[in-house]
Amino acid sequence: DVADVSSAIDFLIAQTPTDPTRIGSAGISYGAGLSLLGAAQDNRLRAIAAMSGWGALADQLYGNGVPNVTWATVLESSAYLTGRVDPDLSARVAQVRDPDTSQAAIQSIVAWSAVRSPSSYVDALNRNGTAVMLANAWNDGIFAPNQLIRLFEGLTGPKRLMFAPGDHATLTISASSAAS
């Protein structure tokens, strides 16, 4: 999916009168994570607005060492509804659901999730000079706000962090709908 971000930029530059030095991306939830991951991989993205996204996927699956079965199930379900599913996803989610999952398996899930975590690419975002705005709800039950604070603290370029009352994507989706 991250490669799709670069493909969309290629298409945008080829098919529209776009200034290639002024490209940004905004996304909500999965789109937020893709915007961040895409900007880490493609320095043509100069600014990102990531709303209701994640920094560290492992924090969502095993925050404070506790498996988040509900969140893992939502992740898996939404993946099958909306995208191309990682072949390992169902096996990883089954491990999160299993109360007898070994510490070695949990560490494997953490390593698997690191590749899918914007916080793993803070150095690339900093090197690219990407301006990053992170927004989240205080009570986000899917992507907890504390992991975004750690991501934000690691950024050295232009950045902004905003929190508001509510739950996952409730404010950003309602604001997007009102603007349409």
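The structure under discussion appears in the preceding block.
Draft legend 1. The sheet that holds strand β2 (residues 45-51), seen in detail. Ordered in space as β1-β2-β3-β4, the four strands form an open sheet in which the pairing is parallel. Each edge of the open sheet carries a strand with a single partner, namely β1 (23-28) and β4 (159-164). The average angle at which neighbouring strand axes cross in this sheet is 10 degrees, direction not considered. Here strand β3 (residues 131-137) runs beside β4; their pairing, made up of six bridges, is parallel. For A137, the partnering residue across the bridge sits in β4 and is A164.

Draft legend 2. Structural detail: the packing of helix α4 (residues 69-82) against helix α5 (residues 89-97). Running from N to C, α4 and α5 cross one another at 160 degrees; their axes reach a closest spacing of 9 Å. Judged on the interaxial angle alone, α5 and α4 are roughly antiparallel. In the crossing of α4 with α5, the sense of the turn from one axis to the other is left-handed. Contact residues: α4 offers V69, A72, T73, L75, E76, A79 and Y80, while α5 offers L89, S90, V93, V96 and R97. Broken down by class, the residue content of the contact of α4 with α5 amounts to eight nonpolar, two polar and two charged.

Draft legend 3. The layout of surface pockets, seen in detail. The computed volume of the largest pocket comes to approximately 820 Å³. Around the largest pocket, the lining comprises 27 residues; the ones closest to its centre are D1, Y30, W54, L75 and A79. Looking at the lining of the largest pocket, the elements that each hand over two or more residues are α2 (30-41) and α4. Per-element accounting of the lining of the largest pocket gives the leading share, six residues, to α4. Its residues placed into classes, the lining of the largest pocket shows 17 nonpolar, six polar and four charged.

Draft legend 4. Fine view of the nonpolar core. With 20 residues, the main nonpolar core has L36, L45, I48, A50, L125, L134 and L151 as its most contacted residues. Breaking this core down by element, the ones donating at least two residues are α1 (2-15), α2, β2, α7 (122-128), β3 and α8 (145-154). It is α2 that contributes the most residues to this core, five residues altogether. With sequence-adjacent residues up to four places away left out, L36 is seen in contact with I48, A50, W54, P118, L125, V132, L134 and L151. Counting residues in each nonpolar core, the second largest holds 15 residues, with L57, A72, I106 and I109 among its members.

Draft legend 5. Molecular detail of the environment of Q107. Topologically, Q107 is positioned in helix α6 (residues 103-114). Since its relative accessible area comes to 46%, Q107 is described here as partly exposed. Considered as a pair, Q107 and L45 are 62 residues apart in the sequence and their alpha carbons are 32 Å apart.

Cut-offs applied
Residues numbered from 1 in each chain as written. Predicted model: local features only at pLDDT ≥ 70, side-chain atom pairs only at ≥ 80, totals over all residues. Heavy atoms only, no water. Pairing = 2+ DSSP bridges. Helix = DSSP H or I, 4+ residues; strand = E, 2+ residues; numbered from the N terminus. Axes fitted to C-alpha atoms, helices over the stretch in contact; angles between N-to-C directions. Parallel < 35°, antiparallel > 145°, perpendicular 65-115°, else oblique. Left-handed = near helix turned anticlockwise from the far one by under 90°. Contact = heavy atoms within 4.5 Å. Nonpolar A, V, L, I, M, F, W, Y, C, P; charged D, E, K, R; others polar. 1 Å grid on protein atoms, 1.4 Å probe; cavity = no way out; pocket = protein on both sides within 12 Å on 5 of 7 lines; lining within 4 Å. Points joined across faces, edges and corners; volume = space filled by probe spheres on them. Core = buried A, V, L, I, M, F, W, Y, C linked by side-chain atoms within 4.5 Å. Buried < 20%, exposed > 50% of the residue type's maximum accessible area, 1.4 Å probe, protein only.

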